[in-house]
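# Reading the structure
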Amino acid sequence: MLAGPFLIGRYRRLAASVNAAEREAANTGAWMGLAGAVAGGIASTAVWAALLWLLASGRISLAAGGGAVFALQTATGSVRGIINGGARLVRTGWYVQDWQNFLDNAHGQALTDSRGTAPVTAAPERFEVRDVAYRYDGAPKDSLSNVSLHVRRGEIVALVGENGSGKTTLSRLLCGLLLPTEGDVAWDNASTADLDPWGSWEHVALVPQKFTYLPLTMRDNITFGQGDTSDAALLAACEASGAAEMLPGLRSGLNTLLTSEWFGGQQLSGGQWQRLVLTRAFHRQAALLVMDEPTAALDARAEHRIFAGLRELAKDRAVLLITHRLTNVAVADRIVVLDQGRIVQEGTYAQLTKQPGLFRTLWELQRRMSGDTP
Ligand SMILES: Nc1ncnc2c1ncn2[C@@H]1O[C@H](COP(=O)(O)OP(=O)(O)OP(=O)(O)O)[C@@H](O)[C@H]1O
């Protein structure tokens, strides 16, 4: 089945259930209205009959009867007003409750871990994860167990492993985006739990696996959250990422708006966006550079440029590289292999390609697929 008919079918099913719920609510409302009207009618008839009987039997005077009619009409209007007001209040209460639920949910998305306030006064030299375990909220099991790893400035550490083995989670812990459930993450011996998170993140540049497309100019997209900067620094970062090659094709160079929905804007391809995201990370002079699948959308030449330039970038940065392309990790000083949330191997490329283990198994598979081995 094609996606169009599938979505229309799904929409029809949902619309039918919404319609059924609305019909039921309208029915219930109509029956309740009818019951109220009947009860109200019986009560009014009884009151008016009683009044007439009192008048007819001379138990009350005509003046008192007129006063009673006036009082009844006023009271009926007031009671109707009170009932309608009450119903409106209940309906508004439901909306307010929905809004409150939305706000509570939004609040739940914010940083909820208890965080410290200690400032990070100098760019850290060493980033370390010590015996950590991590379990996501509501998850049935730990995503990481007993993991220890360190990376210092000037060093490239590669993190490899199969899907779901915990690489991204570990990188988030190292950046201080998450705090461990057990164990500690330390930047120069200061625990990330004690550090002011916003101050810490100034020292981190992250190339995430999934990146956001910002409908801003190329310049703003690169310097996003980094303040004003010189064109020379911007262009150097563009050179390192390969984004410089895109500039001649952009109508207003760095000032081109990167969305085709607005006048004068231009849209980038997936790989061009990835170059831009790399530029943003390279441009930030951060002590820790984390790259999570940084070349997944790049062509071969662009990918080669990134890995060939990585050593230069790592001169003054600690680099954590996550990738599934195992030949690329030859550039790393150390390779850490994760399997189901645990470190199962650690070593250099030369060591891991020789010794039996998960790394060599995956590496051989990739080589076979690319026709490097018979
Ligand atoms: N936000 C989350 N909430 C709950 N569980 C999560 C969340 N993110 C990841 N996980 C779980 O944690 C485990 C590790 O996920 P992680 O994204 O760290 O793996 P990965 O090695 O980076 O995978 P991949 O190679 O596919 O990117 C997985 O079992 C995943 O289901």
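Just above sits the structure.
Residues numbered from 1 in each chain as written. Predicted model: local features only at pLDDT ≥ 70, side-chain atom pairs only at ≥ 80, totals over all residues. Heavy atoms only, no water.

Time to look at the sheet that holds strand 5 (residues 190-191). Strand-to-strand pairing in sheets goes through backbone hydrogen bonds, with the strands running parallel or antiparallel. Spatially, 2-1-4-5 is the arrangement adopted by the four strands of the open sheet, whose pairing is antiparallel. The sheet is open, and its two borders are formed by strand 2 (144-152) and strand 5, each paired with just one other strand. Here strand 1 (residues 126-134) pairs with strand 2 via six bridges, running antiparallel. Paired with Arg126 across the two strands is Arg152, which belongs to strand 2. (Pairing = 2+ DSSP bridges. Helix = DSSP H or I, 4+ residues; strand = E, 2+ residues; numbered from the N terminus.)

Moving on, we come to the pattern of salt bridges. Taken as a whole and assessed by the stated rule, the structure comprises 17 salt bridges. One salt bridge in this structure joins Glu245 and Arg305, with 2.3 Å as the shortest N-O distance. Within this pair, whereas Glu245 is found in the loop between helix 6 (231-241) and helix 7 (270-283), its partner Arg305 is found in helix 8 (residues 300-313), the two being separated by 60 residues in sequence. Exposure remark for Glu245: the relative accessible area of 47% places this residue in the partly exposed category. Under the relative-accessibility criterion, Arg305 is labelled partly exposed at 28%. Look at the salt bridges and you will find they share partners, linking Arg126, Glu128, Arg130 and Asp184 into a network. (Salt bridge = Lys/Arg side-chain N within 4 Å of Asp/Glu carboxyl O. Buried < 20%, exposed > 50% of the residue type's maximum accessible area, 1.4 Å probe, protein only.)

All right, on to the environment of Glu24 then. Of note, Glu24 is situated in helix 1 (residues 3-56). Given a relative accessible area of 55%, Glu24 falls into the exposed group.

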